[in-house]
Amino acid sequence: LKHVLSIGEFSLTEVAERVKISLSVAEKVLDLLRREKYVEVLGGGGYAAVTYTYKISETGKLRGAELMNVSRYVGPAPVTLEDYRSTVAVQTIKSAVISSESVRKAFSHLIINEETLNLLGPAISSGRAIFLYGPPGNGKTTIAETIGRILPDRILIPYAITVGGEIINVFDPVTHVPVGDESDCDPRWVLVRRPVIIAGGEMVMRMLDLDFNPVSKYYEASLQMKANNGLFIIDDFGRQQIDPQNLLNRWIVPLDRGVDFMTLHTGMKFPIPFDMLVIFSTNLEPKHLVDEAFLRRIQYKIKIDHPSLAEFREIFKKVAEAKSVPFNDEAFDYLVSHYYQRLGVSFNACHPRDLIEHILVNARYYRHSPEMTRESID
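This report concerns the structure included in the present document. (Residues numbered from 1 in each chain as written. Predicted model: local features only at pLDDT ≥ 70, side-chain atom pairs only at ≥ 80, totals over all residues. Heavy atoms only, no water.)

1. Some thoughts on the environment of T116
Here is the rule we go by: To qualify as a helix, a DSSP run of H or I must reach at least 4 residues; to qualify as a strand, a run of E must reach at least 2; elements of each kind are numbered from the N terminus. Whether a residue is buried, partly exposed or exposed follows from its accessible area with a 1.4 Å probe, protein chains only, as a fraction of its type maximum: under 20%, in between, or over 50%, in that order. A contact between two residues is defined here by any heavy atoms of the two lying within 4.5 Å.
Inspection of the secondary structure assignment puts T116 in helix α6 (residues 114-126). The buried category is assigned to T116, whose relative accessible area is 11%. Counting along the chain gives 175 residues from T116 to D291, while the straight-line C-alpha distance between them is 25 Å. Apart from the residues within four sequence positions on either side, T116 is in contact with I302 and I304.

2. What to know about helix α4 (residues 81-90)
The condition is simple: The arc in question is traced by the directions running from the helix axis to the C-beta atoms.
For α4, the set of buried residues is L81, Y84, T87 and V88. Buried residues of α4, viewed axially, fall in a sector of 130°; they line one side. Along α4, exposed side chains directed more than 90 degrees from the buried face belong to A89 and V90. As for α4, its buried residues are in contact with β4 (79-80), β6 (154-158), β7 (160-163), β9 (189-193), α8 (223-226) and β15 (269-273).

3. Focus on the pattern of salt bridges
The condition that has to hold: Should a side-chain nitrogen of Lys or Arg be within 4 Å of a carboxyl oxygen of Asp or Glu, the pair is scored as a salt bridge.
Evaluation of the coordinates by the stated rule reveals 16 salt bridges. D31 is paired through a salt bridge with R34; the nearest N and O atoms lie 2.6 Å apart. One end of the pair, D31, and the other, R34, are both in helix α2 (residues 23-35), three residues apart, so they sit about a helical turn from each other. We classify D31 as partly exposed; its relative accessible area is 28%. A relative accessible area of 38% means that R34 is categorised as partly exposed. One continuous salt-bridge network, built from bridges that share partners, spans D31, R34 and R35.

4. Re the pairing of strand β16 (residues 277-282)
Where we set the bar: A pair of strands is treated as paired once DSSP finds two or more bridges between them.
When you tally the buried positions in β16, you get six out of six residues, the bulk of the element. Where burial is concerned, the two faces of β16 agree: the one with L277, I279 and S281 and the one with V278, F280 and T282 are both buried. Sheet topology places strand β5 (residues 130-133) next to β16; four bridges connect them, and they run parallel. By the bridge assignment, Y133 is partnered in β16 with T282. Where strand β13 (residues 231-234) and β16 come together, four bridges link them in parallel fashion. The partner of F232 across the bridge, within β16, is V278.

5. Remarks on the sheet that holds strand β11 (residues 211-213)
What the five strands build is an open sheet, ordered β4-β7-β8-β12-β11; its pairing is mixed. Two strands bound the open sheet, and with one partner strand each, they are β4 and β11. Where β11 lies against strand β12 (residues 218-220), three bridges are found, and the strand directions are antiparallel. Counterpart to D211 in the pairing with β12 is E220.

6. Brief notes about the nonpolar core
For the record, the criterion: Throughout, nonpolar core names a set of buried Ala, Val, Leu, Ile, Met, Phe, Trp, Tyr and Cys residues whose side chains join them through atoms within 4.5 Å.
If you look at the biggest cluster of nonpolar residues, it comprises 26 residues, and the most contacted ones within it are M203, F232, F237, W251 and F280. Of all elements in the fold, only β5, β10 (196-199), β13, α9 (244-257), β16 and α11 (292-297) reach the threshold of two or more residues within this core. Looking at this core element by element, the count peaks at four residues for α9.

7. Brief notes about the sheet that holds β10
For clarity, the cut-off: Each axis is a line fitted through C-alpha atoms, and for a helix only the stretch in contact is used; angles between axes span 0 to 180 degrees, taken between their N-to-C directions.
Spatially, five strands are ordered β10-β13-β16-β5-β17 in an open sheet, and the strand pairing comes out parallel. Edge positions in the open sheet fall to β10 and β17 (300-303), since each of these has one partner strand only. Strand-to-strand twist of the sheet, defined as the mean angle between neighbouring strand axes without regard to direction, takes the value 15°. Relative to β17, β5 runs parallel, the two sharing four bridges. In the strand pairing of β17, Y133 is matched with K303. Sheet strands touched by α6: β5, β16 and β17. Its angle to β17, the strand with the most contacts, is close to 150°. Packing against the sheet, α9 makes contact with β13 and β16, and its axis sits at approximately 150° to β16.

8. What about the packing of helix α12 (residues 309-322) against helix α14 (residues 351-366)?
Applicable threshold: For classification, angles of less than 35 degrees are called roughly parallel, those exceeding 145 degrees roughly antiparallel, those between 65 and 115 degrees roughly perpendicular, and all remaining angles oblique. Crossings are assigned a handedness: left-handed for a near helix turned anticlockwise from the far helix by less than a right angle, right-handed for a clockwise turn. Classification used: nonpolar for Ala, Val, Leu, Ile, Met, Phe, Trp, Tyr, Cys and Pro, charged for Asp, Glu, Lys and Arg, polar for all others including Gly.
Interhelical geometry of α12 versus α14 gives an angle of 40° and a closest axis separation of 9 Å. Relative to α14, the element α12 lies oblique. α12 and α14 meet at a crossing whose hand is right-handed. Contacts between α12 and α14 pair F312, I315, F316, V319 and A320 from the former with H351, P352, R353, L355 and I356 from the latter. Partitioning the contact of α12 with α14 into residue classes produces eight nonpolar, one polar and one charged.

This is the structure in structure tokens:
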């Protein structure tokens, strides 16, 4: 009724598509609404209901308006919480098969040492939380995002779920990228890439709970619900607007048991799956952020350190090549000796990108071809 309230005349096929239900179910529902005089049949091209044209009656408009006051959700039909739980369990991130070949291929665009690569592979494959830490500007966020590209397969997520008579909207077009053919699926579910959610300094505690809109009178799923069966990256951990210990206290049980608890505004609590690869990325020392009890629950703690001189050269070459700036050994050696070694500055993986960008901007401004020279480095 809420769907047809604003569309005037409609067909059985149109309603089925909007509500994401099969034609047979839509036909039964419309037949019920017709008997209750909420909709009327205007005519049809045959005896089959699929050929009929319907319209909402005045009684139906009144009833539809009443239902809008209860909840303004007008979208695909929700699935049950039980169906949602069982589907997340079948698609668990822990069943994703990660091979050393796929890890090497995914990280091939980065200069990353063998030791770190050998630590990352098993950590990703475990499906357990990972702590990436180390000095800023050395690729922690890039590594975390690359892990998202390694995760194989596609998953099914519901457009919405229903719990205790309330509706929770789960599908988020910003987070969930539809892929492939859904013809064999229940249309209330959508086939998407495994989700990758990145939450940085803007994250606050309420984002981890259901968001009830008092005007629309339905819920938006929490960040971790949207990340289920995928990857949740907490970037720049320790710089959020919430105390790190409070966040970790909130997640200590979900990380241990794979179950989180949500609360409706009515006070009803219910469990949802907590099935995702959680990556904490921070520039701060983990022991300064959290206590030992929590660190014990994160079995994979990987330090992403400053690159060596050889790695720094390779990164610089790769960046210069990508930006069509000829790499100059003499200018690079000058940069290292005059600025890094003389001043005691550590190499950072982000410096080549920043320096090459300056060279490109200056060349464009002064209208000459970009070159790596002592002068452009200065």
